[in-house]
Amino acid sequence: VNIMKNNNQGLTLLDDRGNEFFSFYSASSNKDYVDYDNISNFVKEAAIASEDREFYSHHGFSLRGIARSVVLDYQNKSLAYGGSTITQQLAKNTLLSQNRDFTRKFQELILAIELENEYSKKDILEMYLNSAYFGEGAFGIEDAAKTYFNKDAKDLTLGEASYLIGILPSPSTMSAFSGNRALGIQNQELVIDEMKEMGDISSSQANLAKGQELHFNKTLATSNADIIAPHFALAVKNALVDKYGEAYVAKSGFVVKTTLNRNWQEEAENVVDKNAQRLLSNGGTNEAVVVIDPKSGQVKAMVGSNDWNNSKYGKFNMAMSPRQPGSSFKPIVYGMALEDEKITPATVLSDRPTTFKMTDCTQNCSYSPKDYDRMYRGDVTVRRALSNSLNIPAVEVMEQVGVDDVLNKAPQVGITSLGTNTHNYGYSLVLGTGSVSLLEMTGAYSSFANKGEFVKPSMITAVIDKRGNNIWKQDNGKNRVWSPEVAFLISSILSDNKTRAEEFGSSLTIDRPAAVKTGTTDSFRDAWTMGYTPDVVVGVWVGNNNNMPMNNVAGSLGAAPIWRELMEYYNRGVAIKQFSPPQDIVRLPPCSKSISTGEYFIEGTEPSNECFSTPRFAEATSSGDLIDENNISSDTNGDFPGVGGGPPTEIPQETISN
């Protein structure tokens, strides 16, 4: 039939070099068009009973349906409700875009009238059933019958026909394969009841159909299962589906240019796979990686799980699933305190047993954090506290910044999953007790790598339609979320190997400056490593999808080896770049000759005596007693802070509470 000439062409994804790496709906080319007589009568009766009871009496539209739709749309302030006849749906499926506005609704109405004048009811019903989308890439009733039940449309039983018509309102949601099968069966029974009310079937037929066990196709294949970047590809597809609707995307013929670097993706998958067995022996089953170009915000690689084909956890994308980030959240709070000039890298904080009390609080108002090793170090600088991931000083900084301000700042750096309800959090928020996704955290760290400018992470650069037009507008312009000075200070502290070596050695030092922070949550449920150079940001998470604890797997043990191997690969052959201080950064020498390096300050926050002093190191003891040492150990880095990279490690605190 003439209006069915537009073939369904699926969805094709290209990497950043223009090479195809994934496709969806490729089997749906409408080759299985069947005529009216080769469609089960049960299908035709179910469609009319469920979708358009006045089909044989109206002339393309139903005044009753339109009135109901207008009322519901007005009440909900959107075009969420249908009211469309089968003829209108045919016009929408074959001739119109999926834009939900009143102009398209008017066009749909006019086209429906023209279709009624041009074609018989038999032709219209035939075309509708051949154009409807049934989920799983199946367009048309013949394709749907084969996909779900491995049979021809003419052979569908009452139970099978009513099921397929029942899932039409939301096929992906109710699909027996990838959706809520129980919901699909529930809708099937509603269709059967409607057919009985219409007199199409008897009560005994209805009861028999409801009791019939549906034998779904057991050989439905998941295409692309062995192709790279399945979670990245699904994230791209879902973004398009959210914008255009799945039925439209499935038949769109879109060619999507993505940000994926195929070589980087393959390396990420290989490294994750190589570390899987080591992690499994320590009680961890899954890993995720996100790689971002901080200047453009482009996601260059994403691994959502270490085994896509694992039936228990492989299909769940842990790169986009909120988890507690542990101490990897601390730099955001320290950055805010530096921005507000509440602290400098040389500010002295207290690492002693402390109970913090929240104001304007009704419950759980007192909080007594402990450091990861149950030791206390006395007076420590901000540089030393953040580099070595000390919890008590971090909460002291959080107390100065405030929970409200942190929650207001989070969306600015791309973290939206925390929400805005301050009653959900306490000072322990600085220790990573709020849940965020790895994609969000990697994006947040990119703002430090990009000298304070945040570019929203993106995976799509262009969507080309059948006519060669680019219809995708990606608005992820730069927003300054940190001053260049604050971004530099955070980068300097996180890349200071010598200072963090006090607790964490140099196990992650690579051949260039790299700012790194690990995170480990309560009972070793999550282990993170977040790190960057000026050119690339890599975030790694390891743990269990079901939130079960691992066996003493901290960020440095579980996630950091993956991070280091990827950073070395991504920077291979790339010129070494420093984290260069901006114009308004000043560097002062120490007041003590025993300390060999200076410290950086934002101009105007430096000490007035043109030098800075640091507290003497004290031997950390579990009792809280501090033992003074005559010798002063340097808590800085040779010539100047920030020439190398190496993440601290930490053991999660015993209790995390507000």
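Structural data are supplied above this passage.
Description of the structure in this document. Being a predicted model, the structure only gives us computed values, none of them experimental. (Residues numbered from 1 in each chain as written. Predicted model: local features only at pLDDT ≥ 70, side-chain atom pairs only at ≥ 80, totals over all residues. Heavy atoms only, no water.)

### Remarks on the overall build of the protein
Part 1 of the argument: When helices and strands are tallied, the protein shows 22 helices and 19 strands.
Part 2 of the argument: The buried share among the 658 residues of the protein stands at 55%.
Part 3 of the argument: Excluding contacts between residues fewer than 6 apart, the proportion of contacts in the protein whose partners are at least 24 apart in sequence is 71%. (Helix = DSSP H or I, 4+ residues; strand = E, 2+ residues; numbered from the N terminus. Buried < 20%, exposed > 50% of the residue type's maximum accessible area, 1.4 Å probe, protein only. Contact = heavy atoms within 4.5 Å.)

### A look at the packing of helix H1 (residues 41-51) against helix H5 (residues 121-131)
Part 1 of the argument: Relative orientation of the contacting elements H1 and H5 amounts to 90°, with a least axis distance of 11 Å. Compared by their axis directions, H1 and H5 come out roughly perpendicular. Judged by residue contacts, Val 43, Lys 44, Ala 47, Ile 48 and Glu 51 of H1 engage Leu 125, Tyr 128 and Leu 129 from H5.
Part 2 of the argument: Its residues assigned to classes, the contact of H1 with H5 comprises 6 nonpolar, no polar and 2 charged. (Axes fitted to C-alpha atoms, helices over the stretch in contact; angles between N-to-C directions. Parallel < 35°, antiparallel > 145°, perpendicular 65-115°, else oblique. Nonpolar A, V, L, I, M, F, W, Y, C, P; charged D, E, K, R; others polar.)

### A few points about the side chain of Ser 483
Part 1 of the argument: As for its position among the elements, Ser 483 is in the loop between strand E12 (479-480) and helix H19 (484-494).
Part 2 of the argument: Ser 483 sits in the buried class, given a relative accessible area of 16%.
Part 3 of the argument: For Ser 483, the side chain forms a polar contact with the main-chain nitrogen of Val 486, separated by 3.1 Å. (Polar contact = N/O pair within 3.5 Å; in protein donor to acceptor, adjacent residues only side chain to side chain.)

### Overview of the packing of aromatic side chains
Part 1 of the argument: Within the structure shown, the criterion is met by 23 aromatic pairs.
Part 2 of the argument: Summarising the aromatic geometry, the rings of Tyr 148 and Phe 177 are spaced 5.3 Å apart at their centres and angled 35° between planes, so their arrangement reads as tilted. With a gap of 29 residues between them, Tyr 148 in helix H6 (residues 141-149) and Phe 177 in the loop between helix H8 (171-174) and helix H9 (181-197) connect regions that are remote in the sequence.
Part 3 of the argument: For Phe 177, a relative accessible area of 27% gives the class partly exposed.
Part 4 of the argument: Joined through ring pairs, the aromatic side chains of Tyr 148, Phe 149, Tyr 163, Phe 177 and Phe 216 make up one cluster.
Part 5 of the argument: Over the face of the ring belonging to Phe 24 we find Lys 237, whose NZ or CZ atom lies 5.4 Å from the ring centre.
Part 6 of the argument: Sitting over the face of the ring of Trp 472, Lys 243 holds its NZ or CZ atom 6.0 Å from the ring centroid. (Phe/Tyr/Trp six-rings, centres within 6.5 Å; stacked < 30°, edge-to-face > 60°. Lys NZ or Arg CZ within 6 Å of the ring centre and 35° of its normal.)

### Comments concerning the pattern of salt bridges
Part 1 of the argument: Tallied over the full model, the rule gives 24 salt bridges.
Part 2 of the argument: Close ionic contact of Glu 160 with Lys 151 constitutes a salt bridge, the shortest N to O distance being 3.0 Å.
Part 3 of the argument: The exposure class of Glu 160 is buried, given its relative accessible area of 7%.
Part 4 of the argument: You can call Lys 151 partly exposed: its relative accessible area is 22%.
Part 5 of the argument: For the salt bridge of Asp 155 with Lys 154, the shortest nitrogen-to-oxygen distance reads 3.5 Å. (Salt bridge = Lys/Arg side-chain N within 4 Å of Asp/Glu carboxyl O.)

That's the geometry; what it means functionally is another story.
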